[in-house]
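Structural overview for review
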Amino acid sequence: MSILRRSLALGLLSASLPASAATYLVTRGDDPAPDGCLAGDCSLREALDAAVATPGGDTVVLGAGQYTVTRGPLDAVGDVVIDGAGADATRIVGNGAFDLVHVTPLAALVLDDVALASQDAALEIDSGAATLRHVRIAAGGGVVSASSANGAAQLRIEHSELGDAIGCLCGAGSLRVTDSTLAGVAMFDGSGDLDLERVEVAGPDAHYGIAFTASGTATIRDSTIRNQAIPLALGGAGGDVRVSRTRFLANTGPMYSGRDATVWMDEVEFSGNAVDDAHADHPAVLLATDDGAWRITRALFSGNRGGGGSGAGLIGSTVRVLAGANVVMGNVTFHDNTFRAGVANGIGHAIGVDVADASATIFWLFHATLRTGPSVPDDAVASLLAVRGAAANVRIHDSLLAGTCAFANGATVLQAVGNIESPGHTCQLPLADNDVDVSALQLLLGPLADNGGFTRTFLPSRASPLVDRADPTWCGVANATFGATDQRRYLRPADGIDCDIGAVETLASPDTIFVDGLDG
């Protein structure tokens, strides 16, 4: 090919290629009638309009200052980044009853280093994708919502603070949040997945901390849910829900599941939760019904104050297990849980299993340490556990029950091996397989303290009757179910021979594989 022909061919090829990605510098903070993004005269809306003409990932640069939007939503079309000078310096403010930023179908928007404030939604995603990075929306500044009417929606939030709720009807899309603070998050319907990691969900919120009804999976790790009316609400059917290394603190209503799936909770803390007047008949932490199953391990329940009483469906201040429920716990500690002030006839100050019909109902405990505390009245009926109804399938193995139990309407403990009850003998533990009426002084337990691991525990001394006294068969069952570690993730048994009774294995060593967070 001659030089001339080659030059002509390259010229024709260049002419056929679309323009490349561009960077637009916004120079004015108002919202005039769009007239092109000109050098020295470009509004945010004009910059976004100009970005539509280029096929690549365009960048709109905002300097420090306030950018006031008055002409309706800002449409993000195609791939575009809005890059500010920091959430403390750059503010995009909607002045009118409209959504502030609208992500159109198939578009992909990145908001970086800005603050948003809107009289309506701060961000609305219509079957597109959005990433919020270093974004701040103060309470009252507008929700973030996503819908999937025209295709899956994807929402990513990183290192951000959102003072209003997030709502995601994501379809087959997903919602992932890391290293952020949220007021609440709800993911409804569809088949998408929810993933929260190192997130604080902090109320007060009028509805839910975390609500999930999609058929995908939900994963919550290294997070805190606090000051919420309902900290965790689950519905629908589909994938399991997994919660790990997460704390539920100072919430005013219980978590519950209407979901046909299993909720797995590992290394979790429930402390200082106290129901308010709106939840006066509810337990403080968990309301387990006939939908789905709960598997809770390496957990602390401490200082919770529930509602209820002695009537049908009202026993159990902190954990309440109703007809048809399926709850299994291992390596857990309960301490100083009771009813809130004003409940005069409360029964089951830690746990209540209440089966009003013939529905098969499971509540099993493995390697638990249950203790009353200074807030529990001396004359409390069932300071630890109350069971009502002959259909209740209650089994307790290798656990310490330092308090009292009560049973009614044909209820019994179906199976109990390797336990210690202190003091007295109210928990229906067979004498042949358990030690009862052990004095509190004999237990030789330290205070509730940081003895390693994610949650506080009661550590027995080496001379405690809890040491090396667990039933080996049921210790093996617990290890197979929850892993061969105690509440702290220390290896069980400590010496490779016999397991200890209760949630803690004395003189054990950490399982470094899991303690280092390498379990995924």
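Residues numbered from 1 in each chain as written. Predicted model: local features only at pLDDT ≥ 70, side-chain atom pairs only at ≥ 80, totals over all residues. Heavy atoms only, no water.

What follows covers the side chain of Thr262. Within the element layout of this structure, Thr262 appears in strand S24 (residues 262-271). Look at Thr262 and you get buried, because its relative accessible area is 18%. Excluding its chain neighbours within four sequence positions, the residues that come into contact with Thr262 are Asp240, Val241, Ala293 and Arg295. (Helix = DSSP H or I, 4+ residues; strand = E, 2+ residues; numbered from the N terminus. Buried < 20%, exposed > 50% of the residue type's maximum accessible area, 1.4 Å probe, protein only. Contact = heavy atoms within 4.5 Å.)

Here we take up the state of the cysteines. All chains considered together, the criterion is met by four disulfides. Residue Cys37 pairs covalently with Cys42 via a disulfide, S to S 2.0 Å. Handedness of the Cys37-Cys42 disulfide follows from its S-S torsion of about -105 degrees: it is left-handed. Residue class for Cys42 comes out buried when judged on its relative accessible area of 0%. Two residues, Cys475 and Cys499, share a disulfide whose sulfurs are 2.0 Å apart. Linking Cys475 and Cys499, the disulfide has an S-S dihedral of approximately -70 degrees and is accordingly described as left-handed. Within this pair, whereas Cys475 is found in helix H4 (residues 472-482), its partner Cys499 is found in the loop between H4 and helix H5 (512-515), the two being separated by 24 residues in sequence. (Disulfide = S-S within 2.5 Å.)

With that settled, consider the packing of aromatic side chains. According to the stated counting rule, one finds five aromatic pairs in the structure shown. Where Phe248 meets Phe270, the ring centres are 5.0 Å apart and the plane angle is 20 degrees; that geometry is what we call stacked. Separated by 22 residues along the polypeptide, Phe248 in strand S22 (residues 241-249) and Phe270 in strand S24 bring together distant segments of the chain. By the ring-pair criterion, three or more aromatic residues cluster together here, those being Phe248, Phe270, Phe301 and Phe334. The aromatic ring of Phe458 is capped on one face by Arg371, whose charged end is 4.6 Å from the ring centroid. Cation over ring: Arg488 sits above Tyr490, and NZ or CZ is 3.9 Å from the ring centre. (Phe/Tyr/Trp six-rings, centres within 6.5 Å; stacked < 30°, edge-to-face > 60°. Lys NZ or Arg CZ within 6 Å of the ring centre and 35° of its normal.)

This next bit is on H4. Here H4 has its buried residues at Trp474, Cys475, Ala478, Asn479 and Phe482. Seen end-on, H4 carries its buried residues on one side only, within an arc spanning 145 degrees. In this structure, H4 carries Pro472, Thr473 and Ala480 as exposed residues pointing more than 90 degrees from its buried face. Looking at the packing, one finds that the buried side of H4 touches strand S26 (293-302), strand S29 (326-335), strand S32 (361-371), strand S34 (392-397) and strand S37 (415-417). Between the side-chain oxygen of the N-cap and the backbone nitrogen of Thr473 there are 3.1 Å, and the N-cap of H4 in question is Asp471. A positive phi of about 95 degrees marks Gly483, the residue just after H4. (Arc of directions from axis to C-beta. Polar contact = N/O pair within 3.5 Å; in protein donor to acceptor, adjacent residues only side chain to side chain.)

The next thing to look at is the pattern of salt bridges. For the coordinates displayed, the defined rule picks out 27 salt bridges. Between Arg340 and Asp277 there is a salt bridge; the shortest N-O distance is 3.1 Å. Taken together, the residues span a long stretch of sequence, with Arg340 in the loop between strand S30 (338-339) and strand S31 (351-354) and Asp277 in the loop between S24 and strand S25 (286-288) at a distance of 63 residues. According to the relative accessible area criterion, Arg340 is partly exposed, its value standing at 23%. By relative accessible area, Asp277 is classed as exposed at 64%. In this structure, Arg488 engages Asp486 in a salt bridge whose closest nitrogen and oxygen atoms are separated by 3.0 Å. In this structure, Arg488 and Asp486 share a single accessibility class: buried. (Salt bridge = Lys/Arg side-chain N within 4 Å of Asp/Glu carboxyl O.)

Pairing of strand S8 (residues 108-117) with strand S10 (residues 129-137) involves eight bridges; the strand directions are parallel. Residue Ala115 lies in a different strand from S10, and its bridge partner there is Arg136. The pairing of S10 with strand S13 (residues 161-162) spans two bridges and is classified as parallel. Looking across to S13, one finds that Ile137 is bridged to Leu162. (Pairing = 2+ DSSP bridges.)

What follows covers the pairing of S8. Of all 10 residues that make up S8, eight are buried, and the element is covered over most of its length. Strand direction decides the pairing type here: strand S5 (residues 79-83) and S8, joined by five bridges, are parallel. Following the sheet pairing, Asp79 is matched in S8 by Ala108. Bridge analysis of strand S6 (residues 90-94) against S8 gives three bridges, and the strand direction is parallel.

Taken as a whole, the protein chain shows an average pLDDT of 93; of its residues, 94% reach a score of 70 or greater. Below a pLDDT of 50 lies the segment residues 1-18, which in the model reaches two contacts outside its immediate sequence neighbourhood of four places, other chains included. Counted against residues more than four places away or in other chains, residues 515-520, with its pLDDT under 50, gives eight contacts. (pLDDT = per-residue confidence, 0-100.)

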